[in-house]
Amino acid sequence: MAIKVFVDQGHNPGNINAGASANGIVESELTFEVGIILAGLLYADPRFEVMVSRRYDDTVLGTDQRSSLETRVNMANEWGADYFISIHGNANDNPNIRGSEVYVYSRNTPAYNLAVDVLDAIVEIVGTRDNGVRENPALYVLRRTNMPAILVELGYLTNPEDAQILKRYPYAFAFAIYQGLLDYLGFENGNNIEEM
């Protein structure tokens, strides 16, 4: 049976749950691109089934922030996803803050272990700074999902160094998340799938 992975491209285009913008990057555009690439990698691997929250770059989910988050969670729960991966870009008033981090509802859980593997892969493959796996039980998409859920902050749009990496290497971020998932599941790299 294929493992069902729900890929949530954080935020929307426009004004509803819009996300951050800095250094020429719009968060909803970044998350859409990385999510679609990740979905393509999963789709090409027969060990997975994949669903995305935003099928098109102009898809808007919900009518306000809460209903936008509810819609994403309900899609994953109703589909019966095995894993939920929400993709985001970070922002901070201090432009010197940079790096990747992954949020989970709590420690000592399958989601925490998945988050560690995904973050390790991002740091190794993309070369961003390792800001660690962090608990945040207040995040709606981590709190209300019925499956292990992680929220990946790829890097800081507000940091010039991270911004350049985010602009240039969306494929590397997507591949790193895919590789982290494979590592967590104990699977060989997707390049070897035809041998299975």
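Refer to the preceding data block for the structure.
Treat the numbers as computed from the prediction; the structure is a model and nothing was measured.

Caption draft 1: Local environment of the sheet that holds strand β1 (residues 3-9). Taken together, the six strands give an open sheet; going across it, the order is β4-β1-β5-β8-β6-β7, and neighbouring strands pair in mixed fashion. In the strand order of this sheet, the two ends are held by β4 (48-52) and β7 (130-135), each with one partner. Along the sheet, successive strands turn relative to each other by an average axial angle of 20 degrees, direction set aside. For β1 and β4, the ladder comprises five bridges, and the chain directions are parallel. Considered in β4, the bridge of V7 is made with V52. Helix α1 (residues 27-43) rests against β1, β4, β5 (83-90) and β8 (149-156) of the sheet, and its axis sits at about 145 degrees to β5.

Caption draft 2: The nonpolar core, seen in detail. One finds I150, V152, L154 and I177 to be the most contacted residues of the largest nonpolar core, which totals 45 residues. The leading source of residues in this core is helix α6 (residues 170-185), at nine residues. Ignoring anything within four residues of it in the chain, the contact list for V152 reads I85, S86, I87, H88, E101, V102, V118, I122 and I177. Of all hydrophobic cores here, the second largest spans 13 residues; its members include W79, Y103, V141 and L151.

Caption draft 3: Examining the pairing of β7 more closely. In this structure, strand β6 (residues 100-104) lies alongside β7, joined through four bridges in parallel fashion. Across the sheet, S100 pairs through a bridge with D130, a residue of β7.

Each value, and the rule that gives it
- Residues numbered from 1 in each chain as written.
- Predicted model: local features only at pLDDT ≥ 70, side-chain atom pairs only at ≥ 80, totals over all residues.
- Heavy atoms only, no water.
- Pairing = 2+ DSSP bridges.
- Helix = DSSP H or I, 4+ residues; strand = E, 2+ residues; numbered from the N terminus.
- Axes fitted to C-alpha atoms, helices over the stretch in contact; angles between N-to-C directions.
- Contact = heavy atoms within 4.5 Å.
- Core = buried A, V, L, I, M, F, W, Y, C linked by side-chain atoms within 4.5 Å.
- Buried < 20%, exposed > 50% of the residue type's maximum accessible area, 1.4 Å probe, protein only.

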